[in-house]
Amino acid sequence: MNAVAARPARLAVRALAFSYGERVALDGVSFEVAPGEIFGFLGPNGAGKSTLFAILAGLLPARSGELLLDGERLDPASAALRARMGVVFQEPSLDAKLSCRENLLLGAALFRVPRREAEGRATTLLASAGLGDRARESAGRLSGGLRRRLELARALVHSPELLLLDEPTTGLDAPSFRRTWDELARLRRSEGLTVILTTHRPDEAECCDRLAVLSHGRVVAVETPESLRSRVAGDVVQVEAEEPEGLAAEIEARFGLPAHPAPGGVAVRRERGHELVPRLVEAFPAGRFRSVSVRRPTLADAFLQITGETLAEEAGR
């Protein structure tokens, strides 16, 4: 997606901080999101994403810092902010015993949307989510992908200007992933919706206009996905093998190249990566590798380059 041109910030956060006792979860987090922008926070479990999401959603009070919506300073827990924001949590929050339509009408009632308007919004949103013919069906009978669509519809029932999403496609299959992102792109185009999300998925992060790289509670980079990927020079040689930690150390010792354990094996960064493949195969005994391939850098590689960590590292925070 193309980066959004510079405009006054829809949401600006400055020097946000939070600690659990002596453990710092957020350390001076600052960022700005333009109207109509899809802005993501990329980081592993433990980077501070959940704490940041909870503060933005009004569930936790920040220890320090400020939040401005269209230039107006607001408390994250204020009714004024919540009225203009829709929230989709990572964990299911639908009432499984209510019908799809009843879930939307309940959400509308919480925001004091007039009944007639709420009825119309529910009909429109259910149709957009592909749930028009299942409006009377209980939410508990829906598949995971359909429940996620219903969660998104409920978050939009009061016509918010800002949508906050926590790991929006975790657990979804590929078709549901594409459907979710097609709908977010449509809402941005048709309604100018501003979207802020947290994710640890490189493929999901690619869908954002800009990304904030979050590591140990700090924003260490804010750039477009393309700009972040460009920080990794050359190719990535992917070696699938057992005992990746030991293999990475051995590759570094033999070839003097940066090698890092990755899911299922080792990633080695090198210009003209195809030239390294035969040298690797010759240097190790037959059967040491399951496979060797060459690919272009991903956002997971960029995260590793910037932070020295993988997107799978750290304990939950």
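Residues numbered from 1 in each chain as written. Predicted model: local features only at pLDDT ≥ 70, side-chain atom pairs only at ≥ 80, totals over all residues. Heavy atoms only, no water.

A. Highlighting the pairing of strand S12 (residues 259-262). When S12 meets strand S13 (residues 265-270), the two strands line up antiparallel, connected through four bridges. Bridge pairing in S13 places His260 opposite Ala267. (Pairing = 2+ DSSP bridges. Helix = DSSP H or I, 4+ residues; strand = E, 2+ residues; numbered from the N terminus.)

B. Inspection of the layout of surface pockets at higher detail. Reported here for the largest pocket is a volume of approximately 520 Å³. If you trace the largest pocket, you find 20 residues lining it, with Arg82, Met85, Val87, Leu110 and Phe111 closest to the centre. Mapped onto the lining of the largest pocket, the elements with two or more residues apiece are helix H2 (79-83), strand S6 (85-88), helix H3 (100-110) and helix H5 (144-155). Residue contributions to the lining of the largest pocket peak at four residues, all from H3. For the second largest pocket, the calculated volume is near 380 Å³. Per-class residue counts for the lining of the second largest pocket are nine nonpolar, six polar and three charged. (1 Å grid on protein atoms, 1.4 Å probe; cavity = no way out; pocket = protein on both sides within 12 Å on 5 of 7 lines; lining within 4 Å. Points joined across faces, edges and corners; volume = space filled by probe spheres on them. Nonpolar A, V, L, I, M, F, W, Y, C, P; charged D, E, K, R; others polar.)

C. Spotlight on a nonpolar patch on the surface. Together, Leu106, Leu110 and Phe111 give the surface a local cluster of nonpolar side chains, amounting to about 300 Å² of exposed area. Inspection of the secondary structure assignment puts Leu110 in helix H3. Note on Leu110: relative accessible area 67%, which makes it exposed. (Patch = residues over 30% accessible without salt bridge, like charges linked within 9 Å, V, L, I, M, F, W, Y side chains within 5 Å. Areas by Shrake-Rupley, 256 points an atom, 1.4 Å probe, with all protein chains shown as cover. Salt bridge = Lys/Arg side-chain N within 4 Å of Asp/Glu carboxyl O. Buried < 20%, exposed > 50% of the residue type's maximum accessible area, 1.4 Å probe, protein only.)

D. Representation of the packing of H3 against helix H4 (residues 115-128). At their nearest, the axes of H3 and H4 sit 9 Å apart, and the two run at 135 degrees to each other. In this view, H3 runs oblique relative to H4, as classed from their interaxial angle. H4 is crossed by H3, and the crossing has right-handed handedness. Across the interface between the two elements, Cys100, Arg101, Leu104, Leu105 and Ala108 from H3 touch Arg115, Ala118, Glu119, Ala122, Thr123, Leu125 and Leu126 from H4. A per-class count over the contact of H3 with H4 returns eight nonpolar, one polar and three charged. (Axes fitted to C-alpha atoms, helices over the stretch in contact; angles between N-to-C directions. Parallel < 35°, antiparallel > 145°, perpendicular 65-115°, else oblique. Left-handed = near helix turned anticlockwise from the far one by under 90°. Contact = heavy atoms within 4.5 Å.)

E. Main features of the pattern of salt bridges. Overall, the coordinates contain 24 salt bridges when judged by the stated rule. Taking the shortest distance from any N to any O, the salt bridge between Glu119 and Arg101 comes out at 2.7 Å. Of this pair, Glu119 sits in helix H4 while Arg101 sits in helix H3; the two residues are 18 residues apart in sequence, bridging distant segments of the chain. Under the relative-accessibility criterion, Glu119 is labelled partly exposed at 25%. Since its relative accessible area comes to 23%, Arg101 is described here as partly exposed. Within the structure, one salt-bridge network assembled from shared partners comprises Arg10, Asp70, Arg84 and Glu161.

F. Broad picture of empty space enclosed by the protein. For the coordinates displayed, the defined rule picks out two cavities of 30 Å³ or more. Considering only enclosed or pocket space, the largest cavity measures out at about 110 Å³ in volume. Looking at the largest cavity, the residues that line it are Leu125, Ser128, Ala129, Arg148, Arg149, Leu152, Ala153, Leu156, Arg179, Thr180 and Glu183. Broken down by secondary-structure element, the contributors of at least two residues to the lining of the largest cavity are H4, H5 and helix H6 (174-191). Broken down by element, the residue count for the lining of the largest cavity peaks at four residues, all from H5. For the lining of the largest cavity, the residue count by class is five nonpolar, two polar and four charged. In this structure, the second largest cavity occupies an estimated 40 Å³ of space. Taken together, Val88, Arg148, Leu152, Leu165, Pro168, Thr180 and Leu184 form the lining of the second largest cavity. For the lining of the second largest cavity, the secondary-structure elements that each account for two or more residues are H5 and H6. Partitioning the lining of the second largest cavity into residue classes produces five nonpolar, one polar and one charged.

G. Fine view of the nonpolar core. Within the largest apolar cluster, 46 residues are counted, with the highest numbers of intra-cluster contacts made by Leu150, Leu163, Leu165 and Trp181. Top element by residues in this core is H5. It accounts for five residues. Membership of the second largest hydrophobic core comes to 27 residues, among which are Val13, Val29, Phe31 and Leu164. (Core = buried A, V, L, I, M, F, W, Y, C linked by side-chain atoms within 4.5 Å.)

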